[in-house]
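# Structural overview for review
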Amino acid sequence: CSALSTKQQRRFPDDFLIGTATASYQIEGAWNEDGKGENIWDYLTHNNPAAVKDGSTGDIAANSYHNVERDVEMMRELGLDVYRFSLSWSRILPSGFANEINEAGVDYYNRLINEMLKYGITPMITLFHWDLPQKLQELGGFANPLASIWFEDYARVVYTNFGDRVKHWITINEPREICYEGYGSVHKAPILNATAIGTYLCAKNVLIAHAKAYHLYNNEFKDKQGGQCGITISANSFRPFTDSEEDHAATELRRQAEFGLYAEPIFSEEGGFPKELVEIVAEKSAKEGYPWSRIPEFTDEERELVRGASDFFGVNHYTGFLVSANEQISDRPTIPILPDITVGNYIPPEWPQSASYWLTLSPDSIYDTLTYLQKRYNDPIFYITENGWSSPPTNGLLDDDRIRYYRAALESVLDCLDAGIRLKGYMAWSLMDNFEWLEGYTERFGLYEVDFSDPARPRTPRKSAFVYKEILRSRVIDHDYEPNTTVMTID
Ligand code: PNW
């Protein structure tokens, strides 16, 4: 009991940024308005509706393109320190190339940024959260090494137009999901399913694209604008199923395949892809008859370009898994695992299940993940750029399961701060319900519910919004707080 009461008094430091996150395709809508070009999610949802669980699209989504004031009003209601959102590449550059800038698109983001700044809310901008211009995909997307130049050109337009007011940049959201889910399998656009080739090819090109955009900021903008630039990588907690040496080894291999593939080249001392994985893939490739390894080498120059190219480590963290050397150990379906590693995956039955098959409440998973990353990557600065819980659409406004998840997550954040991890901020996914990629509107992550049957897409705070607001206001987690949910106010 005394331990609990000291715990309850732990405070989030005043300069610790607490906020929420969203992404352009998931909320904006206005897919073909005011000169926006087509992107790969427009293309996929229009041409292959069966790929999306409910056949839906992001054509209107949460209609945020037409809701700047309401969106910022929600941020003010919650009292957010920071709001992370992404830019739609094809809204700013309709062809994907920097030959033509769509001023209406630039204007939308200017209105959003300025409205936030009016109320002291810090913008954190992701340049790319998956909605690649369709023309660039037709030229190979991130399988084409020239993608890094297209991305650098786009980044220059972005820094030039918004960098006077925006000081927190994330180049790319989640290389694993872009490369493995989009190129190596069928879980995200462009659903290429180029198994075990596409993933690694994309990984290399995405990392170089990120590095070019990072160095561009450093060399040409940082002195004048004074911001910071990093990348966001998804990293869940992987812990051994038993204490056996085999399970420990399997766990480490799984980490390398899930996030080390993308983190190691940037954040490790030597740079380059994870060694053990490189060896495994090279050996398998030879056995399979390839004249080269399916995992491409970096040249020395590329390795140096990528190594150290980030001011901070953005972590999207949702859940955890137990890993076994025994492939037969497996229960609930889980996030797909790379084909080049074979490990068992276990989720204890007592871990509460969300509406997403891959998402459970895994105790202390944030602390476990960040302590691992801190040690392995020499104590970088971290932001948790996403963390959240899904419920079915029928759950409505009373979301005690989401409240339980956020309280547990934020306790784990405080454990990180107590342990001296240089964690500077936390963003809840998500501010409001949105288009959940191939799950369409069947899973809801919002602190605010969005009514997708109403053309205006009205937003209503869930109970969790009131609880999050109180945590932001008081800077402590009060596990007994019961909000009055009748009126949401701006304080
Ligand atoms: C995030 N995992 O991806 C995305 O950045 C969001 O756009 C998305 O809406 C949100 O998750 C919810 O699905 C994830 O490995 C990436 O467990 C990886 C994982 C989970 C989500």
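Residues numbered from 1 in each chain as written. Predicted model: local features only at pLDDT ≥ 70, side-chain atom pairs only at ≥ 80, totals over all residues. Heavy atoms only, no water.

## Points about the overall build of the chain
Selection criterion: A run of H or I in DSSP counts as a helix once it spans at least four residues, and a run of E counts as a strand once it spans at least two, with each numbered from the N terminus. Each radius of gyration is computed over the set of C-alpha atoms, and the globule rule expresses the reference value as 2.2 Å times the number of residues to the power 0.38. Accessibility here uses a 1.4 Å probe with only protein chains present; expressed as a share of the type maximum, an area under 20% marks a residue as buried, one over 50% as exposed, and anything in between as partly exposed. The contact definition used throughout considers only heavy atoms, calling two residues in contact when any of these lie within 4.5 Å. Only the protein chains shown count as cover for residues, and all accessible areas are computed by the Shrake-Rupley method using a 1.4 Å probe.
Within the chain, the regular secondary structure consists of 16 helices and 13 strands. Here the chain has a C-alpha radius of gyration of 21 Å; the compact-globule value for 491 residues is 23 Å, and the two agree. Overall size of the chain, expressed as C-alpha extent along the three principal axes, is 65 × 60 × 50 Å. Counting the 491 residues in the chain, one finds 62% classified as buried. Taking contacts inside the chain between residues at least 6 apart in sequence as the whole, the part at least 24 apart equals 75%. Carbon and sulfur atoms provide 51% of the accessible area of the chain, an area that totals close to 18,200 Å².

## A closer look at the state of the cysteines
Stated formally: Criterion for a disulfide: a pair of cysteine sulfur atoms at a distance within 2.5 Å.
Under the counting rule described, the total for this entry stands at one disulfide. Cys229 forms no disulfide, and the closest cysteine sulfur to it belongs to Cys179, at a distance of 18 Å. Judged by relative accessible area, Cys229 falls into the buried class, the value being 0%.

## Some remarks on the site of the ligand
Cut-off, in case you're wondering: Neighbouring residues are identified by heavy atoms, a residue being near a molecule or strand if any of them is within 4 Å of it. We call two N or O atoms a polar contact when they sit within 3.5 Å, provided that within protein one can donate a hydrogen and the other can accept it, with sequence-adjacent residues counted only if both atoms are side-chain atoms. Throughout, the ten residues Ala, Val, Leu, Ile, Met, Phe, Trp, Tyr, Cys and Pro are labelled nonpolar, Asp, Glu, Lys and Arg are labelled charged, and all others, Gly among them, are labelled polar.
Gln26, His129, Asn236, Glu436 and Trp437 are the nearest of the 17 residues found near the ligand. At 3.3 Å from an oxygen atom of the ligand is found a side-chain nitrogen or oxygen belonging to Trp429. Between the ligand and Glu436 there is a distance of 2.5 Å, counted from an oxygen atom to a side-chain nitrogen or oxygen. The fraction of the free accessible surface of the ligand (460 Å²) that becomes covered by protein chains is 95%. When the residues that make up the shell around the ligand are grouped by side-chain class, the tally is seven nonpolar, six polar and four charged.

## A closer look at the pattern of salt bridges
Rules: Salt bridges are identified by distance alone: a Lys or Arg side-chain nitrogen within 4 Å of an Asp or Glu carboxyl oxygen.
Evaluated as defined, the whole model comprises 39 salt bridges. Close ionic contact of Glu252 with Arg376 constitutes a salt bridge, the shortest N to O distance being 3.0 Å. With Glu252 in helix 11 (residues 245-267) and Arg376 in helix 14 (residues 365-376), this pair connects stretches of sequence that are 124 residues apart.

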